[in-house]
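# Observations on the model geometry
Listed below are the residues making up each chain.
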Amino acid sequence: MRIEYHPAIEDELRRIIDYYNECSAGLGTEFLNEFECQVLKIASNPLRWVAVKGTIRRSLMHRFPYVIYFRIVHDDTLRVTVVKHQRRHPRRGMSRR
């Protein structure tokens, strides 16, 4: 399955990685590695995750308190729309396509 990212994802990841690297050297890289692994798991079986609003689904990261929102845009394409801290408002980023 092909994976696409909403344009705002790059900035969100950069801010998260910078924050974790300030907390502990290398922790931002560990976050990115877990994020990438989680996206590959999602792509391997996207229907496994619960739909939260219409076609938008979510997947919780295990080690870090973040959630990944995504949708299937075509039979062969997955679009990651939001990555956000679990304590952020539930509707934050939900309007992204």
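Residues numbered from 1 in each chain as written. Predicted model: local features only at pLDDT ≥ 70, side-chain atom pairs only at ≥ 80, totals over all residues. Heavy atoms only, no water.

Here we come to the packing of helix H1 (residues 8-23) against helix H2 (residues 27-44). The N-to-C vectors of H1 and H2 enclose an angle of 140 degrees; their axes lie 6 Å apart at closest approach. In this view, H1 runs oblique relative to H2, as classed from their interaxial angle. Judged by residue contacts, Ile9, Leu13, Ile16, Ile17, Tyr20, Asn21 and Cys23 of H1 engage Leu27, Gly28, Thr29, Phe31, Leu32 and Phe35 from H2. Each residue belonging to the contact of H1 with H2 can be placed in one class, and the counts come to 10 nonpolar, 3 polar and no charged. (Axes fitted to C-alpha atoms, helices over the stretch in contact; angles between N-to-C directions. Helix = DSSP H or I, 4+ residues; strand = E, 2+ residues; numbered from the N terminus. Parallel < 35°, antiparallel > 145°, perpendicular 65-115°, else oblique. Contact = heavy atoms within 4.5 Å. Nonpolar A, V, L, I, M, F, W, Y, C, P; charged D, E, K, R; others polar.)

A separate point is the confidence of the model for the chain. Summary statistics for the chain give a mean pLDDT of 91 and a share of 90% for residues scoring 70 or more. Here strand E2 (residues 51-53) stands out as the element of the chain with the lowest mean pLDDT, 91, in contrast to H2, whose mean of 98 is the highest. (pLDDT = per-residue confidence, 0-100.)

Counting across every chain of the model gives 7 aromatic pairs. With centroids separated by 6.4 Å and ring planes inclined at 40 degrees, the aromatic side chains of Tyr5 and Phe35 adopt a geometry described as tilted. Separated by 30 residues along the polypeptide, Tyr5 in strand E1 (residues 2-5) and Phe35 in helix H2 bring together distant segments of the chain. Under the relative-accessibility criterion, Phe35 is labelled buried at 2%. Taking the centre distance of 4.9 Å and the plane angle of 65 degrees together, the rings of Tyr20 and Phe64 count as edge-to-face. Placement of Tyr20 in helix H1 and of Phe64 in the loop between strand E3 (56-60) and strand E4 (66-74) is noted, with a sequence separation of 44 residues between them. Judged by its relative accessible area of 4%, Phe64 falls in the buried class. The ring of Trp49 is capped by Arg48, whose NZ or CZ atom sits 4.7 Å from the centre of that ring. (Phe/Tyr/Trp six-rings, centres within 6.5 Å; stacked < 30°, edge-to-face > 60°. Buried < 20%, exposed > 50% of the residue type's maximum accessible area, 1.4 Å probe, protein only. Lys NZ or Arg CZ within 6 Å of the ring centre and 35° of its normal.)

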